[in-house]
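Fold and geometry: a report
Listed below are the residues making up each chain.
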Amino acid sequence: QKEVEQNSGPLSVPEGAIASLNCTYSDRVSQSFFWYRQYSGKSPELIMSIYSNGDKEDGRFTAQLNKASQYVSLLIRDSQPSDSATYLCAVLEGSQGNLIFGKGTKLSVKP
Amino acid sequence: DGGITQSPKYLFRKEGQNVTLSCEQNLNHDAMYWYRQDPGQGLRLIYYSQIVNDFQKGDIAEGYSVSREKKESFPLTVTSAQKNPTAFYLCASSIDLGGTYNEQFFGPGTRLTVL
């Protein structure tokens, strides 16, 4: 069974701090990785995708991928209360091409 | 505006009823998906479709059915055989299925409650 693991949280950080969200996956052949943000009662919104080892930056967000360690992370710099949400890690599985989602990490940014 | 629409936003079902959830996209995407989300759980794949008139079962297809008669539309029917249908249902689409850059985009969801 292919799995994506995330700490459920809640992860609480003060406003202006860096939030670090982590994700591990079991499918060694996975090539594509995604982070979604989901506000309470709303649908997931794609915020980052990463396909190569290393870092990918987009505004205050940085995704980091290490395929050898089967690990992907999301850093949020200068965290704002509006970043408070559940962050879902998703991995494109190698065989059928479907996304496998983690259960999400709930982030709370305190003013 | 390009996007994915789902209707209704809220749906109430009585025991023994079949209900159909609508999903429409105008992104010209080939692939469409249905997920179910329960509180504190990740998204679980119900059905997916790569092209018109073709669809595949996902991890939890029992008690559900779909059709794909048009590229833009992928309705989901929750049948009376689904024993615990109360959940948040999410429709998604992507340019194609299985490509490396398979970014999936979600509709706003339908919240189904069994009375």
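Residues numbered from 1 in each chain as written. Chains lettered and ligands numbered in written order. Predicted model: local features only at pLDDT ≥ 70, side-chain atom pairs only at ≥ 80, totals over all residues. Heavy atoms only, no water.

1. A word on the sheet that holds strand β3 (residues 19–25) of chain B
Residues and elements named next belong to chain B. The sheet built from four strands is open, its strands ordered β1-β3-β8-β7 with antiparallel pairing. Every other strand in the sheet has two partners, leaving β1 (4–7) and β7 (64–66) as the edge strands with one partner each. Averaged over all pairs of adjacent strands, the angle between strand axes in this sheet comes to 20°, irrespective of strand direction. Note that β7 and strand β8 (residues 76–78) share three bridges and pair antiparallel. Bridging from a neighbouring strand, V66 pairs with L76 of β8. (Pairing = 2+ DSSP bridges. Helix = DSSP H or I, 4+ residues; strand = E, 2+ residues; numbered from the N terminus. Axes fitted to C-alpha atoms, helices over the stretch in contact; angles between N-to-C directions.)

2. Description of the environment of Q50(B)
Residues and elements named next belong to chain B. The topology assignment puts Q50 in strand β5 (residues 43–51). Residue classification places Q50 among the partly exposed positions, given a relative accessible area of 36%. Spatially, the C-alpha atom of Q50 lies 9.4 Å from that of R68, the residues being 18 residues apart in sequence. Residues contacting Q50, with those up to four places away along its chain left out, are D30, A31, R68 and L97. (Buried < 20%, exposed > 50% of the residue type's maximum accessible area, 1.4 Å probe, protein only. Contact = heavy atoms within 4.5 Å.)

3. Description of the state of the cysteines
In total, this model carries two disulfides over all chains according to the counting rule given. Across the disulfide, C23(A) is cross-linked to C89(A) (sulfur-sulfur distance 2.1 Å). Judged by the torsion about the S-S bond (-75°), the C23(A)/C89(A) disulfide is left-handed. Of this pair, C23(A) sits in strand β3 (residues 19–25) while C89(A) sits in strand β9 (residues 85–92); the two residues are 66 residues apart in sequence, bridging distant segments of the chain. The side chain of C23(B) participates in a disulfide bridge whose partner is C91(B); the two sulfur atoms lie 1.9 Å from each other. Residues C23(B) and C91(B) are joined by a disulfide whose S-S torsion is about -70°; by sign, that bridge is left-handed. Taken together, the residues C23(B) in strand β3 and C91(B) in strand β9 (residues 87–94) connect sequence positions 68 residues apart. Its relative accessible area of 0% is what places C91(B) among the buried residues. (Disulfide = S-S within 2.5 Å.)

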